[in-house]
Amino acid sequence: MKICVFGAGAIGGYMGVKLAQAGADVSLVARGPHLAAMKSNGLKLIEEGGEETVVSVTASDNPADLGVQDYIIVTLKAHSVPPIVDKMAPLIGPNTTIVSGVNGVPWWYFHKIGGAHEGTRLESVDPGNAQWDGFGPDRVLGCVVYPAAEVIAPGVVKHIEGNRFSLGEPDGSKSERATALSQALSSAGLKAPVRPRLRDEIWVKLWGNLSFNPISALTHATLDVLCTDPGTRAVARGMMLEAQEIAEALGVKFPIDVERRIDGGAAVGAHRTSMLQDLDQGRPMEIDALVGSVQELGRVVNVPTPTIDTVLALVQLRARTAGLYA
Ligand SMILES: NC(=O)C1=CN([C@@H]2O[C@H](COP(=O)(O)OP(=O)(O)OC[C@H]3O[C@@H](n4cnc5c(N)ncnc54)[C@H](OP(=O)(O)O)[C@@H]3O)[C@@H](O)[C@H]2O)C=CC1
Ligand SMILES: CC(C)(CO)C(=O)C(=O)O
């Protein structure tokens, strides 16, 4: 089984080391100094408990070097995917599965969902239908990424916590391709359950990213603070309740309530969300995938989103004034 991890930064690098350590036929697409470091010295993973592993990896910035794959696991930031759809072509053959390990509402959300919205495209996450038309939604296997990791130096990934990558077919079936990948990831020491209702998990994760991430970018507060301060907790709650109404209109069942989700955020502790880290480090922020996409879904199901609209406008302007958002 040939697996390519496209965008081997924090999450992709973590997966790449675990798969390579387990003897999988894995290759990585990366770029710049991070790629140069992993080519010269191998890719180093510092695990949750401090244990360090260095593996030698097959890595390139040119997909043509790596050939056709059985699975391409995409671990790019959401906004980085549409521009590289054409670049991925040498990795794709008739039976290639594309695993979308990207936060936010996935571009394939309405593929095989059934009902009135079947086939709806989302401009916020797939401008110009680049992925829908370029990859084709039938290739896609969904994935919700739970681990937290960071590239702390070129060629060095620090794993912070978690090892679950939930997988799910857009139609909820337990397919052969999902089961085979789940086994490969499990052999590498990762948890990879195949879920019949992946969209429910997407929303529970998204609840946090939708609200905590922009609030942290606007306030520079860590999760423990913004989830317990009465004012920002109320803003997060307002956004999450609007999102819940949208998701439920689309058939999602939430296994927990908003208060429990916010308490879960607080329990993570003094974490600076990825959006705040991106702002601080001058990197583009995942605003469209995490917040704009939920606003767009609200328009699809005619649910008003006044709190989401307000926070989205503020964080967009914050990012624009930092030169990080067009
Ligand atoms: N990090 C985390 O803890 C978590 C992340 N996620 C999600 O996972 C996804 C990946 O996040 P994360 O791993 O943090 O992101 P990173 O930025 O660490 O990794 C993406 C990597 O892809 C590289 N890249 C971008 N464009 C190209 C290209 N055209 N060719 C080759 N390489 C490219 C980037 O290089 P460069 O740095 O040069 O741009 C970077 O090394 C996101 O959707 C994120 O929200 C989900 C849960 C937790
Ligand atoms: C906020 C958190 C921890 C989950 O809600 C996260 O995923 C992020 O920092 O992007």
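Residues numbered from 1 in each chain as written. Chains lettered and ligands numbered in written order. Predicted model: local features only at pLDDT ≥ 70, side-chain atom pairs only at ≥ 80, totals over all residues. Heavy atoms only, no water.

Under an unreviewed UniProt entry, the name given to the chain is 2-dehydropantoate 2-reductase, and the organism recorded is Marivita lacus. As stated in UniProt under Pathway (unreviewed entry), the record for the chain gives "Cofactor biosynthesis; (R)-pantothenate biosynthesis; (R)-pantoate from 3-methyl-2-oxobutanoate: step 2/2." (UniProt positions renumbered as here; feature names shortened; annotations may be inferred.)

Colleague: Would you mind going over the overall build of the chain with me for this structure?
Modeller: Within the chain one finds 11 helices and 11 strands. Rg of the C-alpha trace for the chain: 19 Å, near the compact-globule value of 20 Å for 326 residues, within the 12% margin. Looking at the 326 residues of the chain, the share that counts as buried comes to 55%. Here the contacts in the chain between residues at least 6 apart in sequence split such that 72% fall between residues at least 24 apart. With the model as given, the accessible surface of the chain reaches about 13200 Å², and the carbon-plus-sulfur share is 51%. (Helix = DSSP H or I, 4+ residues; strand = E, 2+ residues; numbered from the N terminus. Rg over C-alpha atoms; globule rule 2.2 N^0.38 Å. Buried < 20%, exposed > 50% of the residue type's maximum accessible area, 1.4 Å probe, protein only. Contact = heavy atoms within 4.5 Å. Areas by Shrake-Rupley, 256 points an atom, 1.4 Å probe, with all protein chains shown as cover.)

Colleague: What exactly am I supposed to notice about the site of ligand 1 here?
Modeller: Within the structure, ligand 1 sits among 21 residues, and Ala-10, Ile-11, Arg-31, Ala-149 and Glu-286 are positioned closest to it. A distance of 2.9 Å is found between an oxygen atom of ligand 1 and a backbone nitrogen or oxygen belonging to Ile-11. For ligand 1, an oxygen atom lies 2.6 Å from a polar atom in the side chain of Glu-286. In the complex, 80% of the free accessible area of ligand 1, which totals 890 Å², lies under the protein chains. (Near = heavy atom within 4 Å. Polar contact = N/O pair within 3.5 Å; in protein donor to acceptor, adjacent residues only side chain to side chain.)

Colleague: Even after reading the chapter, I still don't get the sheet that holds strand S11 (residues 165–168), so can you show me in this structure?
Modeller: Either a parallel or an antiparallel arrangement is found when strands of a sheet pair, and the pairing is made through backbone hydrogen bonds. Pairing is mixed in the open sheet, where seven strands are placed in the order S5-S2-S1-S6-S7-S8-S11. One side of each edge strand has no neighbouring strand; the edge strands of this open sheet are strand S5 (58–60) and S11. Sheet twist, expressed as the average angle between the axes of neighbouring strands with direction ignored, equals 25°. One ladder, built from four bridges, connects strand S6 (residues 71–74) with strand S7 (residues 97–100); its direction is parallel. Across the sheet, Val-74 pairs through a bridge with Ser-100, a residue of S7. The sheet strands contacting helix H5 (residues 198–219) are strand S8 (140–145) and S11, and the helix crosses S8 at an angle near 35°. (Pairing = 2+ DSSP bridges. Axes fitted to C-alpha atoms, helices over the stretch in contact; angles between N-to-C directions.)

Colleague: Would you explain the environment of Arg-318 in this entry?
Modeller: On the secondary structure map, Arg-318 appears in helix H11 (residues 306–321). By relative accessible area, Arg-318 is classed as partly exposed at 31%. Separated by 100 residues in sequence, Arg-318 and Leu-218 have C-alpha atoms that sit 7.2 Å apart. The residues contacting Arg-318, other than those within four sequence positions of it, are Ala-217, Leu-218 and Leu-279.

Colleague: Would you explain the UniProt feature "domain: Ketopantoate reductase N-terminal" (unreviewed entry) in the chain in this entry?
Modeller: Residues given the UniProt feature "domain: Ketopantoate reductase N-terminal" (unreviewed entry) here are residues 3–171. Note that residues 3–171 is 16% helix and 30% strand, and that its end C-alpha atoms are spaced 23 Å apart.

Colleague: Hey, could you run me through the nonpolar core in this one?
Modeller: One recurring pattern in soluble globular proteins: nonpolar side chains tend to sit buried together. By size, the foremost hydrophobic cluster in this structure holds 71 residues, and its most contacted members are Met-88, Trp-203, Met-285 and Val-294. For this core, the leading source of residues is H5, giving 10 residues. In this structure Trp-203 touches Tyr-109, Ala-243, Ile-246, Ala-247, Val-252, Phe-254, Val-294 and Leu-297, once residues within four positions along its chain are discounted. Core analysis: the second largest hydrophobic core is formed by 37 residues, Ile-3, Val-5, Val-99 and Val-157 among them. (Core = buried A, V, L, I, M, F, W, Y, C linked by side-chain atoms within 4.5 Å.)

Colleague: Just checking my understanding: could you explain the pairing of S11 for this structure?
Modeller: It is a general feature of regular strands that their side chains alternate between the two faces of the sheet. With burial as the criterion, each face of S11 is covered, one bearing Phe-165 and Leu-167 and the other bearing Ser-166 and Gly-168. Note: S8 against S11, four bridges, orientation antiparallel. Residue Val-145 lies in a different strand from S11, and its bridge partner there is Phe-165.

Colleague: It is not clear to me how the packing of H5 against helix H10 (residues 287–300) should be interpreted in this structure. Could you clarify?
Modeller: When two helices pack together, their arrangement is given by the angle between the helix axes and the distance between those axes. At a closest axis distance of 8 Å, the pairing of H5 and H10 adopts a crossing angle of 115°. Between H5 and H10, the angle falls in the class roughly perpendicular. When you trace H5 past H10, the crossing you get is left-handed. Contact with H5, carried on its side by Trp-203, Leu-206, Asn-209, Leu-210, Asn-213 and Pro-214, involves Ala-289, Leu-290, Val-291, Val-294 and Leu-297 of H10 and no other residues of that element. Per-class residue counts for the contact of H5 with H10 are nine nonpolar, two polar and no charged. (Parallel < 35°, antiparallel > 145°, perpendicular 65-115°, else oblique. Left-handed = near helix turned anticlockwise from the far one by under 90°. Nonpolar A, V, L, I, M, F, W, Y, C, P; charged D, E, K, R; others polar.)

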